[in-house]
Amino acid sequence: MHQHHSAFGLIQASSPVEPVTLVRPHAARRAARFFIERFPGTTMYAVKANPSPDLLLVLWDSGVTHYDVASIAEVRLVKRTLPDATLCFMHPVKAEEAVREAYHKHGVRTFSLDTMDELEKIVRATNGAQDLNLLVRLRVSSDHSKLSLASKFGADPADVTELLMATRQAADALGICFHVGSQAMSPHAYAQAMERVRAAIVAASVTVDIVDVGGGFPSSYPGMEPPPLDAYFDTIHRSFESLPISYSAELWCEPGRALSAEYSSLIVRVEKRRGDILYINDGAYGALFDAAHVNWRFPVNLLRSSEEGTETTAFSFYGPTCDDIDHMEGPFYLPNDIKTGDFIEIGMLGAYGCAMRTQFNGFGSEETHVVSDEPMTSLYTGEVEPERRTATVTKIF
Ligand SMILES: *Cc1c(COP(=O)(O)O)cnc(C)c1O
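Residues numbered from 1 in each chain as written. Predicted model: local features only at pLDDT ≥ 70, side-chain atom pairs only at ≥ 80, totals over all residues. Heavy atoms only, no water.

Caption draft 1: Just the overall build of the chain, in detail. The helix and strand tally for the chain stands at 11 helices and 19 strands. The C-alpha atoms of the chain give a radius of gyration of 22 Å, which matches the 21 Å a tight globule of 397 residues would have. The principal-axis extents of the C-alpha atoms in the chain amount to approximately 70 × 40 × 40 Å. A burial count over the chain gives 57% of its 397 residues as buried. For the chain, the proportion of contacts with a sequence separation of at least 24, taken over those separated by at least 6, is 74%. Element-wise, carbon and sulfur atoms account for 50% of the exposed surface of the chain, whose accessible area totals about 15,900 Å². (Helix = DSSP H or I, 4+ residues; strand = E, 2+ residues; numbered from the N terminus. Rg over C-alpha atoms; globule rule 2.2 N^0.38 Å. Buried < 20%, exposed > 50% of the residue type's maximum accessible area, 1.4 Å probe, protein only. Contact = heavy atoms within 4.5 Å. Areas by Shrake-Rupley, 256 points an atom, 1.4 Å probe, with all protein chains shown as cover.)

Caption draft 2: The arrangement of the sheet that holds strand β3 (residues 42-46) in detail. Judged by pairing direction, the barrel is parallel, and its 8 strands sit side by side in the order β3-β4-β5-β6-β7-β9-β11-β12 before closing back on the first. Strand-to-strand, the axes of this sheet are offset by a mean angle of 25°, without reference to chain direction. As defined by bridge partners, β3 adjoins strand β12 (residues 250-253) across 2 bridges and the pair is classed as parallel. Of the residues in β12, the one forming a bridge with Thr43 is Cys253. (Pairing = 2+ DSSP bridges. Axes fitted to C-alpha atoms, helices over the stretch in contact; angles between N-to-C directions.)

Caption draft 3: Focus on the domain arrangement of the chain. Entries for the chain in the domain assignment read domain 1 (2-23 + 262-395) and domain 2 (25-260). Domain 1 and domain 2 are separated by 32 Å when their C-alpha centres are compared. With 28 residues of domain 1 at the contact, the number on the domain 2 side is 32 residues. Across the domain 1/domain 2 interface, buried area totals approximately 2,500 Å², and carbon plus sulfur atoms make up 64% of it. When residues of domain 1 are sorted by the area they lose upon contact with domain 2, Tyr263, Trp296 and Tyr380 head the list and together hold 33% of the total. Summed over the shared surface of domain 1 and domain 2, the number is 1 salt bridge. Here Arg30 makes a salt bridge to Glu374, at a shortest N to O gap of 2.7 Å. (Domains from an automatic or database assignment. Buried area = accessible area lost by both parts, 1.4 Å probe. Salt bridge = Lys/Arg side-chain N within 4 Å of Asp/Glu carboxyl O.)

Caption draft 4: Up close: the site of the ligand. Close to the ligand lie 14 residues; Lys48, Ser182, Glu254, Arg257 and Tyr352 are nearest. Within the side chain of Ser182, a nitrogen or oxygen atom sits 2.5 Å from an oxygen atom of the ligand. Here Gly256 contributes a backbone N or O atom positioned 2.9 Å from an oxygen atom of the ligand. In the complex, 90% of the free accessible area of the ligand, which totals 390 Å², lies under the protein chains. Of the residues that constitute the shell around the ligand, the class distribution is 4 nonpolar, 5 polar and 5 charged. (Near = heavy atom within 4 Å. Polar contact = N/O pair within 3.5 Å; in protein donor to acceptor, adjacent residues only side chain to side chain. Nonpolar A, V, L, I, M, F, W, Y, C, P; charged D, E, K, R; others polar.)

Caption draft 5: Looking closely at the confidence of the model for the chain. Scored by pLDDT, the chain has a mean of 93; 95% of the residues are at 70 or more. Across residues 387-397, where pLDDT falls below 50, the model places 38 contacts with residues more than four positions away in sequence or in other chains. (pLDDT = per-residue confidence, 0-100.)

Caption draft 6: Molecular detail of unusual backbone geometry. Along the chain, Gly330 connects to Pro331 via a cis peptide bond; the corresponding omega equals 5°. Relative to the elements of secondary structure, Pro331 occurs in strand β17 (residues 327-335). Despite not being glycine, Ser205 shows a phi value in the positive range, around 50°. Here Ser205 lies in the loop between α8 (188-204) and β11 (210-212). Looking at Ser205, the relative accessible area reads 64%, which means it is exposed. One non-glycine residue, Tyr352, lies in the positive phi region at around 55°. Inspection of the secondary structure assignment puts Tyr352 in the loop between β18 (343-346) and β19 (368-371).

Have a look at this one:
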């Protein structure tokens, strides 16, 4: 991979016609170290947020040994990239063939489930194995999160007791897991979910060996500045300590976004301007799926060398494909005088951004460069930039 100090250095050197992904290994390393050192349990990386092998290697080198995988393709990918990693198959609905291959060929011993059907599937596919860690996924509220995960998965409270008792019989280690929804804006989300865990344990009177609080740990985006991660860890630790479980029970988490968001950003070029709409060369079918479909806002920065301070305007973006839905509402605040041919860096695309790219309509590019400057915002340095509504921000190196 090519190496530059920053996005601005790169466009000066090469004026890229195609969108370019920038990666910041140091930012991923910092996030991983933070979780490894501060989370009071085992940190597992949720691979779907960004399955790039380069990122997986950075996380592994930073001490992340456990990986949450959701498909057999993710199992194979992580096994190939990190042969010694511990894989946990945490999708509650799996193909039986996938469970079979994961168990017999790749050494996967940890699976989640939310129905009796799935439990029976796992028992069949592993030929009644005696060395399974089985985690029952509870349905919990997504009220504090920006992206709900409350409807699709998770056992209903009415079924949990029976499911926990049956799973206890089949498991070597029994766990309970949940997901509070992605980008949980308050630690309270976890405290609430832990109350559901408590109620489930009490009702079923089973010995629980693992409590897995899932993902949902936030990152910093315009208009979404969450409390410090330590506040989440404190709340989780306190709730965990008060559960009716044995002293040897383990606490796990499965961050995706929080470990990967700061890893990547994207350089795009303005191909046309129409009033306060910019037509750029990446979009809904590229790395900006969330900006288009759930109106997510990402930090933006016009890349130019002049220092003149122009006022900013709220822009929306159109992506390069022929579809009307290739539209990112924003608002994205950029200088008034931005024009065709200008380059923009769009930040915080390491999670659910670069992982979502397609080649639809012949657009999209794999070009990736390593840069060494800081991400536009960071939950780990405490550098949470206010929204840039008034000043032109320039980077000169
Ligand atoms: C998506 C997902 C995660 C990661 O969620 P984030 O909000 O990115 O932290 C973790 N666990 C499971 C089961 C998931 O589906």
